[in-house]
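Observations on chain architecture
Listed below are the residues making up each chain.
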Amino acid sequence: VREYPMGMIANRTIGYERVNDDKTITRKGIEAAFTDYLTGKEGRRKVQKMSKNLWKPIHDENEIDPQDGYDITTTIDVYIQDIAHHALLSSLEYYEADHGTVVVMETNTGEIKAISNLGKIGNGSYTETVNYAVLERHDPGSTFKLASYLALLDDGKADTATIYDTHNGVVTFSNRRVTDSNRRGYGKISLARGFEVSSNTVATQAVYQAYKDNPKAFTDKMKEFGFNQTLGLDLKGEPASYIPVPGDKNWSKIALPWMAYGYGILVTPLQTLTLYNAVANNGEMVKPHFVKEIRDVNNTLQTFDKEVINPQIVKPDVIKKMQAVMKNVVIRGSGKRLYSPDFSMAGKT
């Protein structure tokens with residue numbers, strides 16, 4: 001019997017079972033990853049058929065006793081999950097969006113405290129349809145600028161104080177335009193200010209000028225950050241992120257500047273979050289995980305502890321600079337509508 005005490009909240013992550021047309025069974029989520037532990041083992045005993053639907057045990061005891069499945073304890077906090085679910089639902093309804101995801105990750109441990117994935121269905125309402133956070137690869141857009149900035153600063157190609165001209169909000173690469181959301185541009189601004197206001201012209205110029213003669217140095221840096229591979233999650237079906245590299249069929253003259261602000265690439269939301277979490281965690285990149293332990297009644301059989309992917313993704317001083325810049329995004333940049341004097345925030349729109 002499968003019960004969801006919080007309704008459809010986190011349904012796709014906790015898991016479910018589907019019977020296919022050919023009678024095979026497909027399981028998803030944590031249930032699929034740990035089905036061998038959850039299922040238990042059937043018992044057996046010899047019986048004698050007495051009549052059409054009547055069977056009589058030959059012995060009083062079982063030949064093989066049944067064994068209960070183990071308990072799986074998740075990392076999800078039901079209170080944080082409830083808040084995340086309803087905050088996402090409210091935003092999707094307000095913007096009449098097709099779908100969205102929210103993931104809350106504990107910085108130091110990588111424990112996923114909440115994960116909500118809501119998509120619009122036929123009647124216009126929203127429900128858990130696909131685990132977008134884990135499964136959906138897409139162009140991350142401006143959130144990917146963090147990776148570009150980390151590479152620039154760590155390789156010494158630029159500094160947060162380096163000045164770039166936004167050229168009235170339009171720059172051109174191979175006759176293709178890159179524009180800023182502010183159609184007049186921002187004048188001449190620093191690399192740091194470019195991040196705060198999410199200037200596409202600054203990000204693309206900075207990366208192109210730094211790596212145009214050796215774009216492989218940039219794509220190699222992206223690999224160091226964990227892109228072009230999976231996170232190795234317990235949940236099945238996680239796709240590898242995709243970053244084009246020189247020599248690929250998808251590589252072109254605009255691949256480098258387009259990648260600088262998050263286009264021409266494919267990344268899952270959880271992969272993006274893992275990079276941001278590494279900056280919040282002072283450079284230590286940890287693997288997201290959904291399960292704390294496997295238990296047998298009162299005994300712990302296995303625990304799942306913090307797993308470090310990369311102990312220091314870039315130099316410590318680079319991390320400190322980007323933490324300061326990301327705080328300013330909320331204080332005076334594109335995320336200033338979120339600012340509150342009651343608690344600190346940092347991030348990227």
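An account of the accompanying structure is given in this report. (Residues numbered from 1 in each chain as written. Predicted model: local features only at pLDDT ≥ 70, side-chain atom pairs only at ≥ 80, totals over all residues. Heavy atoms only, no water.)

Things to note about the sheet that holds strand β5 (residues 71-74)
Strand pairing in a sheet is mediated by backbone hydrogen bonds. Such pairs are either parallel or antiparallel. If you trace the 3 strands from one edge of the open sheet to the other, you get β5-β14-β15, paired in antiparallel fashion. If you trace the sheet from one side to the other, it starts and ends with β5 and β15 (299-303), each paired once. On average, each strand axis in the sheet is inclined to that of its neighbour by 30°, with strand direction left out of account. Pairing of strand β14 (residues 291-296) with β15 involves 4 bridges; the strand directions are antiparallel. Each residue of the ladder has a partner; that of Ile 294, found in β15, is Gln 302. (Pairing = 2+ DSSP bridges. Helix = DSSP H or I, 4+ residues; strand = E, 2+ residues; numbered from the N terminus. Axes fitted to C-alpha atoms, helices over the stretch in contact; angles between N-to-C directions.)

Comments concerning the sheet that holds strand β6 (residues 99-105)
The strand order β6-β7-β8 describes an open sheet built from 3 strands, whose pairing is antiparallel. Each edge of the open sheet is held by one strand with a lone partner, namely β6 and β8 (126-127). As defined by bridge partners, β6 adjoins strand β7 (residues 112-120) across 7 bridges and the pair is classed as antiparallel. For Val 102, the partnering residue across the bridge sits in β7 and is Ser 116. The sheet contacts of helix α4 (residues 78-95) involve β6, β7 and β8, and relative to β7 the element is tilted by about 30°. (Contact = heavy atoms within 4.5 Å.)

Digging into the environment of Arg 44
Structurally, Arg 44 is set in the loop between α3 (35-39) and β3 (47-51). Residues Arg 44 and Glu 63, spaced 19 residues apart in sequence, show a C-alpha to C-alpha distance of 5.5 Å. Those residues in contact with Arg 44, other than ones at most four positions away along the chain, are Asn 62, Glu 63 and Ile 64.

With respect to unusual backbone geometry
For Asn 175, which is not glycine, the phi torsion reads 65° and is therefore positive. Residue position: Asn 175 is located in the loop between β10 (170-173) and β11 (176-179). Taking the relative accessible area as the measure of exposure, Asn 175 reaches 76% and is therefore exposed. In this structure, Asn 228 takes a positive phi of about 75° despite not being glycine. Along the polypeptide, Asn 228 turns up in the loop between α9 (215-224) and α10 (255-260). (Buried < 20%, exposed > 50% of the residue type's maximum accessible area, 1.4 Å probe, protein only.)

Focus: the layout of surface pockets
One number sums up the size of the largest pocket: a volume of about 1800 Å³. In terms of lining, the largest pocket is formed by 44 residues, of which the most central are Val 102, Val 103, Leu 338, Gly 347 and Lys 348. Counting only elements with at least two residues in the lining of the largest pocket, the list comes to α4, β6, α11 (269-280) and α12 (316-332). Broken down by class, the residue content of the lining of the largest pocket amounts to 25 nonpolar, 15 polar and 4 charged. Each pocket or cavity is described by its volume, and for the second largest pocket that value is around 690 Å³. (1 Å grid on protein atoms, 1.4 Å probe; cavity = no way out; pocket = protein on both sides within 12 Å on 5 of 7 lines; lining within 4 Å. Points joined across faces, edges and corners; volume = space filled by probe spheres on them. Nonpolar A, V, L, I, M, F, W, Y, C, P; charged D, E, K, R; others polar.)

Concerning the packing of aromatic side chains
A full pass over the atoms with the stated rule returns 10 aromatic pairs. Aromatic pair Tyr 37 and Tyr 70: ring centres 6.4 Å apart, planes at 50°, arrangement tilted. Residue Tyr 37 is located in helix α3, and its partner Tyr 70 is located in the loop between β4 (54-57) and β5; the two are separated by 33 residues in the primary sequence. The partly exposed category is assigned to Tyr 37, whose relative accessible area is 33%. One aromatic cluster is present, formed by Phe 34, Tyr 37, Tyr 70 and Phe 304 through successive ring pairs. One residue, Lys 157, lies across the ring of Tyr 211, its end atom 5.6 Å from the ring centre. Over the ring of Phe 195 we find Lys 348; its NZ or CZ atom is 5.7 Å from the centre of that ring. (Phe/Tyr/Trp six-rings, centres within 6.5 Å; stacked < 30°, edge-to-face > 60°. Lys NZ or Arg CZ within 6 Å of the ring centre and 35° of its normal.)

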